[in-house]
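Topology and contacts: notes
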Amino acid sequence: MIIFSIGVLWLLKTAVFVLWDCLHGIRVFIWARLKKLDLVKKYGEYVIITGATDGIGLEFAKKFAERGHSLFVIGRNPVKLENTKREIEKLLQPGKKVITFIADLNTTNLNVYKKIESELQPLKERIGILFNNAGFFVSDPDLFANLKEEDILNTVNVNVTSILMLTKIVFPFLIENKKGLILNTGSIVSIYPTPFLNVYGATKAFVKYFGEAIAYEYKDVNIEVQTLIPSMIETKMTEWSSAQRSFLFVNAKQYVDAAFATIGRTSLTTGFWTHGIEYFLSVRMFHAFCYKFISYHIVKLTKRQ
Ligand SMILES: NC(=O)c1ccc[n+]([C@@H]2O[C@H](COP(=O)([O-])OP(=O)(O)OC[C@H]3O[C@@H](n4cnc5c(N)ncnc54)[C@H](OP(=O)(O)O)[C@@H]3O)[C@@H](O)[C@H]2O)c1
């Protein structure tokens, strides 16, 4: 009788979670695409964006331009920044602007952030969104002891330190404006520890925890924090995988077409429906042990070197 009751309770709990996840999926992946939000009106004109010189960041930047935003793009490579600027400028609405700023985010030098802060000061009333999207992942996932020290520091500086420092700069502006959004790109590998993606996965867990904590802290003052936790996308970052062109991956444009619609709809989302199913199966159905086993073998089998 006791075992039967526990079984019924477990089934009920699972049914509630399944129903909740289905409704959430319908809201962020279907409803959000049908009924677009006016993000300029909701948050403000300027989007401060990192990691927009390539991959999903570039696609996001183009979408923000199409939707009536001005952009402040932070990147480390002057040539790529200039190309990005030219590409975005073609899509801007009248009166909108792209400003670029050269900064290597693989740094702990506070002066770099002070310079960014002083560049942003004149725009502060028009800043609506900070999109911390830049990310670093080693070109060849490996066992921890084989990683180079400089790659470990690079991963932490770009994926963690830059998010903390830029959020620290922009938050006071958003508080003064009484509206705004901090959008962070995490990763699905933050849900459980991921072998071979050891340091990277841990930095993305940081992004998720940090985002969810401040989302709660500021929920009553009209400032939103959203974390994207995508799964595998075909970009420069995933060139290490021989599965890049398989069904396991979506391309950057496909991903951003879907993920853009989720902006302002939820505090945590994978951004793409197949990634949502992956998240659902991993979190609701599998134990962390199964996740670690599967991801360990996927990385081991598909890693090129
Ligand atoms: N691809 C995936 O499967 C996947 C999955 C989950 C999450 N993500 C996350 O999505 C975000 C975007 O990644 P992506 O896939 O689009 O990768 P990507 O094509 O490699 O783009 C990474 C972007 O970050 C910039 N960046 C890297 N290091 C930097 C530094 N030191 N200073 C300034 N900018 C720097 C890059 O600049 P350069 O153009 O100068 O290189 C580039 O614009 C990352 O946060 C990543 O962790 C990706």
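Attention here is on the structure that accompanies the text. Just so it is clear, the structure is predicted and the values come from calculations on it, not from any experiment. (Residues numbered from 1 in each chain as written. Predicted model: local features only at pLDDT ≥ 70, side-chain atom pairs only at ≥ 80, totals over all residues.)

In this section: the overall build of the protein. Per the secondary structure count, the protein includes 10 helices and nine strands. By the compact-globule yardstick of 19 Å for 305 residues, the protein fits well, its C-alpha radius of gyration being 20 Å. Referenced to the eigenvectors of the C-alpha coordinate spread, the extents of the protein come out at roughly 70 × 45 × 35 Å. Within the protein, contacts between residues separated by at least 24 positions form 72% of all contacts whose residues are at least 6 apart in sequence. (Helix = DSSP H or I, 4+ residues; strand = E, 2+ residues; numbered from the N terminus. Rg over C-alpha atoms; globule rule 2.2 N^0.38 Å. Contact = placed C-beta atoms within 7 Å.)

Bringing the nonpolar core into the picture now. Core analysis: the biggest nonpolar cluster contains 73 residues, and Ile48, Ile49, Phe60, Ala61, Leu71 and Val73 have the highest contact counts within it. Looking at which element gives the most residues to this core, the answer is helix H6 (residues 149–177), with eight residues. With residues up to four places along the chain from it excluded, the contact list for phenylalanine 60 reads Ile49, Ala52, Phe131, Asn133, Val256 and Phe260. (Core = buried A, V, L, I, M, F, W, Y, C linked by C-beta atoms within 7 Å. Buried ≥ 20, exposed ≤ 12 C-beta atoms within 10 Å, placed from the backbone.)

Time to look at the pairing of strand E3 (residues 98–102). The pairing of strand E2 (residues 70–75) with E3 spans five bridges and is parallel. Bridge pairing links phenylalanine 72 to isoleucine 99 in E3. Where the polypeptide runs from E2 across helix H4 (residues 78–89) and back to E3, its parallel neighbour, the crossover connection is right-handed. (Pairing = 2+ DSSP bridges. Right-handed = clockwise from strand over helix to strand, strands pointing away.)

A few words now on the environment of valine 189. Mapped onto the fold, valine 189 is located in the loop between strand E5 (180–185) and helix H7 (198–217). Judged by local crowding, valine 189 falls into the buried class, with 25 C-beta atoms found within 10 Å. Sequence-wise, valine 189 and isoleucine 30 are 159 residues apart; in three dimensions their C-alpha atoms are separated by 24 Å. Valine 189 has contacts with Thr194, Leu197, Gly201 and Lys204, leaving out every residue within four places of it along the chain.

Our focus in this paragraph is the packing of helix H1 (residues 2–34) against helix H9 (residues 273–285). Two elements in contact, H1 and H9, have axes whose closest approach is 11 Å; the angle formed by their N-to-C orientations is 160 degrees. As summarised for this structure, H1 and H9 are arranged roughly antiparallel, according to the angle between their axes. Every pair of crossing elements has a handedness; the one defined by H1 and H9 is right-handed. Every residue of H9 that contacts H1 at Phe17, Asp21, Gly25 and Phe29 is listed here: Trp273, Gly276, Phe280 and Arg284. Residue composition of the contact of H1 with H9, by class: four nonpolar, two polar and two charged. (Axes fitted to C-alpha atoms, helices over the stretch in contact; angles between N-to-C directions. Parallel < 35°, antiparallel > 145°, perpendicular 65-115°, else oblique. Left-handed = near helix turned anticlockwise from the far one by under 90°. Nonpolar A, V, L, I, M, F, W, Y, C, P; charged D, E, K, R; others polar.)

Turning next to H7. Residues three or four positions apart in an α-helix share a direction because the helix packs 3.6 residues into each turn. Taking 1.5 Å of rise per residue, 20 residues should cover 28 Å, and H7 covers 29 Å from first to last C-alpha, within 8% of that figure. Among the residues of H7, those classed as buried are Val199, Tyr200, Gly201, Thr203, Lys204, Val207, Phe210 and Gly211. (Expected span 1.5 Å × (residues − 1).)

What follows concerns the pairing of strand E6 (residues 223–228). Where a strand is regular, its side chains alternate between the two sheet faces. Counting buried positions along E6 yields six of six residues, so the element is predominantly enclosed. Judged by which residues are buried, E6 turns out to be covered on both faces: Ile223, Val225 and Thr227 on one side and Glu224, Gln226 and Leu228 on the other are all buried. Bridging between E5 and E6 involves six bridges; their strand directions are parallel. Within the sheet, the bridge partner assigned to threonine 185 lies in E6 and is leucine 228. Pairing geometry for E6 and strand E9 (residues 268–269), over two bridges, is parallel. Following the sheet pairing, threonine 227 is matched in E9 by leucine 268.

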